[in-house]
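Summary of structural features
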Amino acid sequence: MAKLPSSTQIIPDAPSVPRHIAIIMDGNGRWAKKRFLPRVAGHKRGVEAVRAAVRACADRGVEYLTLFAFSSENWRRPLDEVKFLMQLFVHVLEEEVVKLHRNNIRLRVIGDLSRFDEKLVQLVKASEEKTEKNQTLTLTIAANYGGRWDMLQAMNRLQREHPEKAGNYSEEDLAPYLSMGDAPEPDLFIRTGGEKRVSNFLLWQLAYTELYFTDLLWPDFDAKALDVAIASYQQRERRYGRTSEQLQADAPQRGAAGA
Ligand code: IPE
Ligand code: IPE
Ligand code: MG
């Protein structure tokens, strides 16, 4: 597996347009409740916001878009809602993969698929294979994903494959085993729905990601809202541990994310 730069090992570029955006799509239930609709109506509308986000990211030259669709803790929800979300996932895969492929978008799914039924697992595999050579944008859906699960599965696989190094593993040894091992770390993290927490999303990869929170509920998040988030990101000074003065001295190659 190819090695990618780690933000804690080297100072990465701070691209003006984020190369990788990771989103916690939150607020579907509240969106529905506000309209006196069942929660699941919010999930349905959320799919439209996903389509809009994928299109907008591709148009803006974002290379990786990672969406948190179902967390390892979301099994705690009422059974009916969990079932609906699974069916929606299957339905969306069946409906959308052809369109993604036509638009040269690569689809990946990360998370512990062992809890999903066989039909869904096969569908995921087939969708990934169909789109694997596409290059416009890599769309990663995190399903039954948890940041802690990810670190543990990576550690366990690394240890199985390299028992001789146990006790001396480095960041570089571990990184390729993580679910997002072949993607750059996210430049921008967005969470809709007003909560200011990471909810066990990409714990390892968010080390130096710029965090952006909005009160907009996910079904209301559109291309304009994405631009507001990107504009906020472009105001940030990504210091990666250095001082502001060091950063200025290093300009114009580096600087504020948008410089
Ligand atoms: C996010 O919306 C979608 C999933 C977690 C599947 P929520 O369903 O969490 O919506 P709220 O937070 O209850 O409004
Ligand atoms: C986070 O949203 C997970 C997803 C968006 C899939 P939640 O709504 O489950 O998060 P908490 O429970 O409020 O932290
Ligand atoms: Mg929520």
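Further up the page is the structure itself.
A brief report on the enclosed structure follows. Bear in mind the structure is a predicted one, so any value in this text is a computation, not a measurement. (Residues numbered from 1 in each chain as written. Chains lettered and ligands numbered in written order. Predicted model: local features only at pLDDT ≥ 70, side-chain atom pairs only at ≥ 80, totals over all residues. Heavy atoms only, no water.)

**Concerning the overall build of the chain**
Secondary structure summary: the chain contains eight helices and six strands in total. When the helices and strands of the chain are listed from N to C terminus, the series reads β-α-α-β-α-β-α-β-α-α-β-β-α-α. Its C-alpha radius of gyration of 19 Å places the chain within 12% of the 18 Å reference for a compact globule of 259 residues. Taking the principal axes of the C-alpha coordinates as reference, the chain spans close to 55 × 50 × 35 Å. Entry remark: accessible area of the chain is about 13,600 Å², with carbon and sulfur atoms responsible for 51%. When the 37 positive and 35 negative side-chain charges of the chain are each reduced to one mean point, those points stand 5 Å apart. (Helix = DSSP H or I, 4+ residues; strand = E, 2+ residues; numbered from the N terminus. Rg over C-alpha atoms; globule rule 2.2 N^0.38 Å. Areas by Shrake-Rupley, 256 points an atom, 1.4 Å probe, with all protein chains shown as cover. Lys, Arg positive; Asp, Glu negative; His and termini not counted. Charge placed at Lys NZ, Arg CZ, Asp CG, Glu CD.)

**Focus on the packing of aromatic side chains**
Going through the model one piece at a time under the given rule, you end up with nine aromatic pairs. Both rings, one in Phe68 and one in Tyr145, keep their centres 6.1 Å apart while their planes meet at 85°; by these two values the pair is edge-to-face. Of this pair, Phe68 sits in strand S2 (residues 64–71) while Tyr145 sits in strand S4 (residues 137–145), and the two are 77 residues apart along the sequence. For the ring pair Tyr208 and Tyr240, a centre distance of 5.3 Å and an interplane angle of 50° mean the geometry is tilted. One end of the pair, Tyr208, is in the loop between strand S5 (188–191) and strand S6 (210–213); the other, Tyr240, is in the loop between helix H7 (223–234) and helix H8 (244–250), with 32 residues separating them in the sequence. Note on Tyr208: relative accessible area 34%, which makes it partly exposed. Connected via pairs of aromatic rings, a cluster forms that spans Phe68, Tyr145, Trp149 and Phe201. Lying across the ring of Trp75, Arg115 places its NZ or CZ 4.0 Å from the centre. (Phe/Tyr/Trp six-rings, centres within 6.5 Å; stacked < 30°, edge-to-face > 60°. Buried < 20%, exposed > 50% of the residue type's maximum accessible area, 1.4 Å probe, protein only. Lys NZ or Arg CZ within 6 Å of the ring centre and 35° of its normal.)

**Brief notes about the site of ligand 2**
Around ligand 2, a shell composed of Ile24, Met25, Asp26, Phe68, Ala69, Phe70, Ser71, Asn74, Arg77, Arg191, Arg197 and Ser199 is seen. Contacts to ligand 2 include Asp26, whose side-chain N or O atom sits 3.1 Å from an oxygen atom. Measuring from an oxygen atom of ligand 2, one finds a side-chain N or O atom of Asn74 at 2.9 Å. Expressed as a share of its isolated accessible area of 390 Å², the protein-covered part of ligand 2 is 78%. Of the pockets mapped on this structure, ligand 2 occupies the largest pocket. The class makeup of the residues in the shell around ligand 2 is five nonpolar, three polar and four charged. (Near = heavy atom within 4 Å. Polar contact = N/O pair within 3.5 Å; in protein donor to acceptor, adjacent residues only side chain to side chain. 1 Å grid on protein atoms, 1.4 Å probe; cavity = no way out; pocket = protein on both sides within 12 Å on 5 of 7 lines; lining within 4 Å. Sits in = over half its atoms within 2 Å of the grid points. Nonpolar A, V, L, I, M, F, W, Y, C, P; charged D, E, K, R; others polar.)

**Here we look at the environment of His20**
Among the structural elements, His20 can be located in strand S1 (residues 20–24). His20 sits 44 residues away from Tyr64 along the chain, and the two C-alpha atoms are 4.4 Å apart. Not counting chain neighbours up to four residues away, the residues in contact with His20 comprise Tyr64, Thr66, Met180, Ala183, Pro184, Glu185, Pro186, Asp187 and Leu188. (Contact = heavy atoms within 4.5 Å.)

**Re the side chain of Thr131**
Looking at the element boundaries, Thr131 is found in helix H4 (residues 118–131). Not counting the four nearest positions on each side in its chain, Thr131 is found in contact with Val97, His101, Ile105, Arg106 and Leu107.

**A short note on the layout of surface pockets**
Empty space left among the atoms is revealed by rolling a probe the size of a water molecule over them. If you add up the space inside the largest pocket, you get close to 1,200 Å³. Lining the largest pocket are 47 residues, with Met25, Val50, Phe68, Ala69 and Trp218 sitting closest to its centre. Broken down by secondary-structure element, the contributors of at least two residues to the lining of the largest pocket are helix H1 (28–34), helix H2 (39–60), S2, helix H3 (79–102), strand S3 (105–110) and S4. The computed volume of the second largest pocket comes to approximately 430 Å³. Looking at the second largest pocket, it is lined by 18 residues, and the ones nearest its centre are Arg108, Val109, Ile110, Gly111 and Ser179. (Points joined across faces, edges and corners; volume = space filled by probe spheres on them.)

**With respect to the pattern of salt bridges**
Enumeration according to the criterion identifies 19 salt bridges in this entry. Between Arg108 and Asp182 there is a salt bridge, and its shortest N-O distance comes to 3.4 Å. Highlighted residues: Arg108 in strand S3 and Asp182 in the loop between helix H6 (171–174) and S5, separated in sequence by 74 residues. For Glu210, the salt bridge goes to Arg236, with nearest N and O atoms at 3.2 Å. Highlighted residues: Glu210 in strand S6 and Arg236 in the loop between H7 and H8, separated in sequence by 26 residues. Comparing Glu210 with Arg236, the two get one shared label, buried. Taken together, the shared-partner salt bridges connect Asp26, Arg30, Arg191, Glu195 and Arg197 into one network. (Salt bridge = Lys/Arg side-chain N within 4 Å of Asp/Glu carboxyl O.)

From the geometry alone we can't say anything about function, so treat these as descriptive.
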